[in-house]
Amino acid sequence: MKVCLLFAVAVLLFSCSPKLAPDNNWAIGRWVLTELKEVPVQITGNPSKNAHLIFEPAGKKYRGFGGCNDINGTYIISSGKIKFVAQSGKLAGCPDVPFETTFLSALNDVDKYSVTGNVMILKKGRTTLIKLERK
């Protein structure tokens, strides 16, 4: 009886965790975009100007930078599947608007993810759309 009760409590605790990923530290850090649709992305010397995502698992929110503008939104995640929902924000023009548009479009198409060490792969089906590295 005690074993069943302990098992039930353990299952309940783990199922309520906001960190539904391969490990408990998946969301920690800044995830910098290194590849977009199988094309390497140039990393600048200014970390705040690199396209990136920062996850906030408690509220299932993300924020970051798309290349021209700050980006943010929410996400739905479970068992290797993820869906990003963008929020509207202030849009500023810059020479990287086409890049940012491609990044955000790819982010909206993502339906699967995997995390191995400091590399996150975001896919649509079997196609890799986005590769990020934790910095």
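Residues numbered from 1 in each chain as written. Predicted model: local features only at pLDDT ≥ 70, side-chain atom pairs only at ≥ 80, totals over all residues. Heavy atoms only, no water.

Asks: How would you summarise the packing of aromatic side chains if you had to cite specific residues and measurements?
Replies: Applying the stated criterion across every chain, the model contains three aromatic pairs. On the basis of an interplanar angle of 85 degrees and a centroid distance of 5.5 Å, the ring pair of phenylalanine 55 and tyrosine 75 is categorised as edge-to-face. Separated by 20 residues along the polypeptide, phenylalanine 55 in strand S3 (residues 52–56) and tyrosine 75 in strand S5 (residues 70–78) bring together distant segments of the chain. Looking at phenylalanine 55, the relative accessible area reads 5%, which means it is buried. Aromatic side chains tyrosine 62 and phenylalanine 84 sit 5.3 Å apart centroid to centroid with 85 degrees between the ring planes, which places their arrangement in the edge-to-face category. Here tyrosine 62 is found in strand S4 (residues 61–65), whereas its partner phenylalanine 84 is found in strand S6 (residues 81–86), with 22 residues between them in sequence. Overall, the relative accessible area of 2% leaves tyrosine 62 in the buried class. (Phe/Tyr/Trp six-rings, centres within 6.5 Å; stacked < 30°, edge-to-face > 60°. Helix = DSSP H or I, 4+ residues; strand = E, 2+ residues; numbered from the N terminus. Buried < 20%, exposed > 50% of the residue type's maximum accessible area, 1.4 Å probe, protein only.)

Asks: Explain the side chain of threonine 34 residue by residue, including any values.
Replies: Topologically, threonine 34 is positioned in strand S1 (residues 30–36). Taking relative accessible area as the criterion, threonine 34 reaches 14% and is therefore assigned buried. Apart from residues lying up to four places away in sequence, threonine 34 is in contact with Val39, Pro40, Val41, Ile43, Lys131, Leu132 and Glu133. (Contact = heavy atoms within 4.5 Å.)

Asks: Help me get a handle on the pairing of S5, residues and values and all.
Replies: Side chains Ile71, Gly73, Tyr75 and Ile77 of S5 all project onto a buried face; the interleaved residues Asp70, Asn72, Thr74, Ile76 and Ser78 project onto a face where none is buried. Across five bridges, the pairing between S4 and S5 is antiparallel. In the sheet register, glycine 64 faces S5, and the bridge partner there is isoleucine 71. Count of turn residues in the S4/S5 antiparallel hairpin: four residues, of which glycine 67 carries a positive phi of about 125 degrees. In the sheet, S5 pairs with S6 via six bridges, with the strands oriented antiparallel. Paired with tyrosine 75 across the strands is phenylalanine 84, a residue of S6. Linkage of S5 to S6, two consecutive antiparallel strands, is achieved through a turn of two residues, within which serine 79 is found at a positive phi near 40 degrees. (Pairing = 2+ DSSP bridges.)

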